[in-house]
Amino acid sequence: MIRSASEMRAAARASLSGKWGGAVMVTLVYLAVMGVLPASIDLKVYDGVGSIIQLVLIPLGWSISVLFLDNLRSGDEYKVGQLFEGFRDYTRVAGTMILTGIYTFLWTLLLIVPGIIKSFSYAMTAFVLRDNPELKFNGAIEKSMKMMEGHKFDLFYLYLTFIGWGLLCILTLGIGLLWLVPYMQSASAHFYEDVKAEYEAAQAQGE
């Protein structure tokens, strides 16, 4: 059974309790690397070198998601080194996340709404990669789509409940992101645990 949005947020806060310092530090490093490094490239060469750098950094986006899943399971403190986990399996992680982006972009070309819907279908792909090392590319994406059947609106609504935090980030000139990113990522990880449990229960009943 999928918990309500308020229960998910409460679970996220519980996971972060006493560990906000580490979570904020990890987020700060992530935002600094993703923002400062590409921006430091001269505009004249940005299209080439900057694009390459963005491709190289794709595993960081994966890592910032799965580290909150790992830590809610283990109860460990957040460590900056976890941000670089994705580079250990670069081809599988980067290839799958690039493919996810391409599919979302192609659906968006049809209409904005189908693109948004598909983005929620693919939303569990990063977590699927973490839990299923044998899956990659379309295999991981398709499993995410199966997990999200009937739950796309649930995730959309969960994200919608963070709108107040989003406004706070704007008012603080982005400083609030240091707390919003861990909060949302942790809530997303809890959401994944619920849809995964439901999916596995359905699979077991079908056998």
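In this text, all values refer to a predicted model and were calculated from it rather than measured experimentally. (Residues numbered from 1 in each chain as written. Predicted model: local features only at pLDDT ≥ 70, side-chain atom pairs only at ≥ 80, totals over all residues. Heavy atoms only, no water.)

Colleague: Just checking my understanding: could you explain the nonpolar core for this structure?
Modeller: One broad trend across soluble globular proteins is that nonpolar side chains are buried collectively. Core analysis: the largest hydrophobic core is formed by 31 residues, its most contacted members being Met-124, Phe-127, Val-128, Leu-155, Leu-158, Phe-191 and Tyr-192. Those elements that place two or more of their residues in this core are helix 1 (5-16), helix 4 (58-74), helix 7 (125-131), helix 8 (138-147), helix 9 (152-160) and helix 11 (177-206). Here this core gets eight residues from one element, more than from any other, and that element is helix 11. With residues near it in sequence (within four places) discarded, Met-124 still touches Ser-144, Met-148, Leu-155, Phe-191, Tyr-192 and Val-195. (Core = buried A, V, L, I, M, F, W, Y, C linked by side-chain atoms within 4.5 Å. Buried < 20%, exposed > 50% of the residue type's maximum accessible area, 1.4 Å probe, protein only. Helix = DSSP H or I, 4+ residues; strand = E, 2+ residues; numbered from the N terminus. Contact = heavy atoms within 4.5 Å.)

Colleague: Explain the environment of Ile-2 here, please?
Modeller: Examined against the element boundaries, Ile-2 turns out to sit in the segment before helix 1. The exposure class of Ile-2 is buried, given its relative accessible area of 17%. Along the primary structure Ile-2 and Gly-86 are separated by 84 residues, whereas in three dimensions their C-alpha atoms are 28 Å apart. Not counting residues within four places of it along the chain, the set of residues in contact with Ile-2 comprises Met-8, His-151, Phe-191, Asp-194, Val-195 and Glu-198.

Colleague: Would you take a moment to explain a nonpolar patch on the surface for this structure?
Modeller: There is a patch of nonpolar side chains on the surface, built from Phe-153, Phe-156, Tyr-157, Leu-160, Ile-163, Leu-167 and Ile-170 and spanning about 750 Å² of accessible area. Elements that contribute at least two residues to the nonpolar patch include exactly helix 9 and helix 10 (163-171). Ranked by residue count, the leading element in the nonpolar patch is helix 9, at four residues. Tracing the sequence through the fold places Ile-163 in helix 10. Given a relative accessible area of 55%, Ile-163 falls into the exposed group. (Patch = residues over 30% accessible without salt bridge, like charges linked within 9 Å, V, L, I, M, F, W, Y side chains within 5 Å. Areas by Shrake-Rupley, 256 points an atom, 1.4 Å probe, with all protein chains shown as cover. Salt bridge = Lys/Arg side-chain N within 4 Å of Asp/Glu carboxyl O.)

Colleague: How should I be thinking about the side chain of Asn-71 in this particular structure?
Modeller: Following the sequence through the fold, Asn-71 ends up in helix 4. Polar contacts involving the side chain of Asn-71 include one to the side chain of Gln-82, which spans 2.7 Å. (Polar contact = N/O pair within 3.5 Å; in protein donor to acceptor, adjacent residues only side chain to side chain.)

Colleague: What am I meant to see in the pattern of salt bridges here?
Modeller: Once the charged atoms of two side chains with opposite charge are near each other, the side chains can pair. Counting across every chain of the model gives eight salt bridges. A salt bridge links Glu-193 to Arg-73; the nearest nitrogen and oxygen atoms lie 2.8 Å apart. Taken as a pair, Glu-193 in helix 11 and Arg-73 in helix 4 lie far apart in primary sequence, 120 residues in all. On the basis of relative accessible area, Glu-193 is assigned to the partly exposed category, the value being 22%.

Colleague: Help me understand the UniProt feature "transmembrane region" (unreviewed entry) in the chain in this model?
Modeller: Residues annotated in UniProt with the feature "transmembrane region" (unreviewed entry) correspond here to residues 20-40, 52-72, 93-117 and 156-181. Taken as a whole, residues 93-117 contains 96% helix and 0% strand, while its terminal C-alpha atoms sit 22 Å from one another. Secondary structure across residues 156-181 comprises 73% helix and 0% strand; the distance between its end C-alpha atoms is 16 Å. (UniProt positions renumbered as here; feature names shortened; annotations may be inferred.)

Colleague: Whenever I open this one, unusual backbone geometry confuses me. Can you help?
Modeller: It is generally the case that most residues other than glycine have a negative phi and that most peptide bonds are trans. Its identity is not glycine, yet Phe-137 carries a phi of approximately 50°, on the positive side. As for its position among the elements, Phe-137 is in the loop between helix 7 and helix 8. Of note in this structure, Leu-173 is not a glycine but carries a positive phi near 60°. Mapped onto the elements of the fold, Leu-173 is located in the loop between helix 10 and helix 11. Taking relative accessible area as the criterion, Leu-173 reaches 78% and is therefore assigned exposed.

Colleague: Would you explain the packing of aromatic side chains in this entry?
Modeller: Where two aromatic rings form a pair, the distance of their centres and the angle of their planes describe that pair. Enumeration according to the criterion identifies eleven aromatic pairs in this entry. For the ring pair Phe-153 and Tyr-157, a centre distance of 6.4 Å and an interplane angle of 25° mean the geometry is stacked. Linking Phe-153 with Tyr-157, this pair stays in helix 9, spanning four residues, or about one helical turn. Owing to a relative accessible area of 58%, Phe-153 belongs among the exposed residues under this scheme. Of the residues examined, Tyr-157 reaches a relative accessible area of 43% and is grouped as partly exposed. Ring centres of Phe-162 and Tyr-183 lie 4.9 Å apart, and the angle between their planes is 90°; this geometry places the pair in the edge-to-face category. Of the two residues, Phe-162 is situated in the loop between helix 9 and helix 10 and Tyr-183 in helix 11; the sequence distance between them amounts to 21 residues. No difference in accessibility class separates Phe-162 from Tyr-183, as the two residues are buried. (Phe/Tyr/Trp six-rings, centres within 6.5 Å; stacked < 30°, edge-to-face > 60°.)

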